[in-house]
Amino acid sequence: GTLETLTPLMAALREECARLGRDPDEVEVTAAGYTVDLDSVRRLADLGIARLVMLPPGFDRQGVDDGLARFAEQVLAKL
């Protein structure tokens, strides 16, 4: 999916929670497969996404280390 397809799904979740008398903020939603840049992470958080599963940033030890370092610098440090 995309952020655009996730938006109506999250709206449906909030509507169903309201119908059941449940607080939608108590439902922890995990998303995966999205671009993991600062803007996307912020947009997902604004939608109510509690956790993000990211694809491996590389396929060898150095690629993973470099990708996680970039993620920490470009995303985590700015949240």
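You'll find the structure just up there.
## Some points on helix H1 (residues 3-20)
For step 1, the next point in the chain: The terminal C-alpha atoms of H1, which comprises 18 residues, lie 26 Å apart, in line with the 26 Å expected from a rise of 1.5 Å per residue.
For step 2, the next point in the chain: Turning to H1, its buried residues are Leu3, Leu6, Met10 and Cys17. Buried residues in H1, looked at end-on, bunch into an arc of 50°, giving them a common side. Facing away from the buried side of H1 by over 90 degrees, the exposed positions are Glu4, Leu9, Glu15, Ala18 and Arg19.
For step 3, the next point in the chain: Contacts made by the buried residues of H1 are with strand E1 (29-32), helix H2 (38-47) and strand E2 (49-53).

## Digging into the side chain of Ser40
For step 1, the next point in the chain: Mapping Ser40 onto the fold places it in helix H2.
For step 2, the next point in the chain: Judged by its relative accessible area of 9%, Ser40 is buried.
For step 3, the next point in the chain: What Ser40 contacts, discounting residues up to four positions off in sequence, is Leu3 and Thr35.

Parameters and conventions
Residues numbered from 1 in each chain as written. Predicted model: local features only at pLDDT ≥ 70, side-chain atom pairs only at ≥ 80, totals over all residues. Heavy atoms only, no water. Helix = DSSP H or I, 4+ residues; strand = E, 2+ residues; numbered from the N terminus. Expected span 1.5 Å × (residues − 1). Buried < 20%, exposed > 50% of the residue type's maximum accessible area, 1.4 Å probe, protein only. Arc of directions from axis to C-beta. Contact = heavy atoms within 4.5 Å.

These figures come from the coordinates and say nothing about function on their own.
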